[in-house]
Amino acid sequence: MMKPILFATGLVVVFSLSGCKLVKTESATEAAADPIATLVSKTFEAKLVPALSEKAVDVAVLRNAVTAGLDDAGSKYGLRVGGAGGGWNFAVKGKGKVVIENRDTKAAVAEVDVDGDGKSDVILQLGPVVKGTALRDVTPLYDFSTFRDQIEYARLGRALNDRAVSTVPADGSMKGKTVQFLGATVIRSAGEKPLVTPVSIETAP
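Since we're looking at a predicted model, the values are computed, not measured. (Residues numbered from 1 in each chain as written. Predicted model: local features only at pLDDT ≥ 70, side-chain atom pairs only at ≥ 80, totals over all residues. Heavy atoms only, no water.)

Participant: Tell me what's going on with unusual backbone geometry, and back it up with residues and numbers.
Facilitator: Cis geometry is adopted by the peptide bond preceding proline 128, which originates at glycine 127 and carries an omega value of 10°. Mapping proline 128 onto the fold places it in strand S8 (residues 122–128). (Helix = DSSP H or I, 4+ residues; strand = E, 2+ residues; numbered from the N terminus.)

See below:
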């Protein structure tokens, strides 16, 4: 008579008079859909992008407000997560000319002049490596208390970033072109140049 012994690895070891063999089984985790991927799929276009569009402040307006007082600007336009040290998260939009573009790195960026002085005012993250969790933290859509732990919450931040940069134009240079963008940024000090994770970038000749 054969007697199976189950292990957490997803393998079943079956002993018999003739010896034993390993049989690959599908665990419950493998069989279930990734809950983070499912959440991003259901909310990114349907909820997050509309929320950003609704509350986005023009980066030029935000810059002036932050210069006058970061906390006042944050109270008016932003959302803070994690207490006073967490920085203010802002939904932002803007239009300007790309004056610097660097795609020779996994953390590719485009720097945009929004006031016409020829200097960079805002940095757009093009990925595939994206810094920060502004997309996760800029709206109340994703409440930490509804997640299993900090690891799962961090996975959500990365998944949202990956989804966002998948929409970024991958072919051709944007340098010298005028772009319109929508995204999110976190600002921790008044002198900080906004580093934006864009959910959309549209270019014009």
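Participant: Residue-level account of the side chain of glutamate 101, with values.
Facilitator: Position of glutamate 101 relative to the elements: it lies in strand S6 (residues 88–102). Of the residues examined, glutamate 101 reaches a relative accessible area of 18% and is grouped as buried. Polar contacts involving the side chain of glutamate 101 include one to the main-chain amide nitrogen of lysine 175, which spans 3.2 Å. Those residues in contact with glutamate 101 that lie beyond four places of it in its chain are Val109, Ala110, Leu126, Gly172, Ser173, Met174 and Lys175. (Buried < 20%, exposed > 50% of the residue type's maximum accessible area, 1.4 Å probe, protein only. Polar contact = N/O pair within 3.5 Å; in protein donor to acceptor, adjacent residues only side chain to side chain. Contact = heavy atoms within 4.5 Å.)

Participant: So what about the packing of aromatic side chains? Which residues, and what values?
Facilitator: Aromatic ring pairs are defined here through the distance separating the ring centres and the angle between the ring planes. Within this structure, the stated rule accounts for 2 aromatic pairs. Ring geometry for phenylalanine 144 and tyrosine 153: centres 5.0 Å apart, planes at 65°, overall edge-to-face. Residue phenylalanine 144 is classed as partly exposed on the basis of its relative accessible area of 38%. Ring geometry for phenylalanine 147 and tyrosine 153: centres 5.3 Å apart, planes at 55°, overall tilted. (Phe/Tyr/Trp six-rings, centres within 6.5 Å; stacked < 30°, edge-to-face > 60°.)

Participant: Hey, could you go over the pairing of strand S10 (residues 195–204) for me, with residue numbers and the actual values?
Facilitator: Relative to S10, S8 is paired through 2 bridges, and the arrangement is parallel. From the neighbouring strand, leucine 124 faces S10, where its bridge partner is valine 196. For strand S9 (residues 178–187) and S10, the ladder comprises 7 bridges, and the chain directions are antiparallel. Residue pairing across strands places leucine 182 opposite serine 200, the latter belonging to S10. (Pairing = 2+ DSSP bridges.)

Honestly, it's all geometry; don't read function into it.
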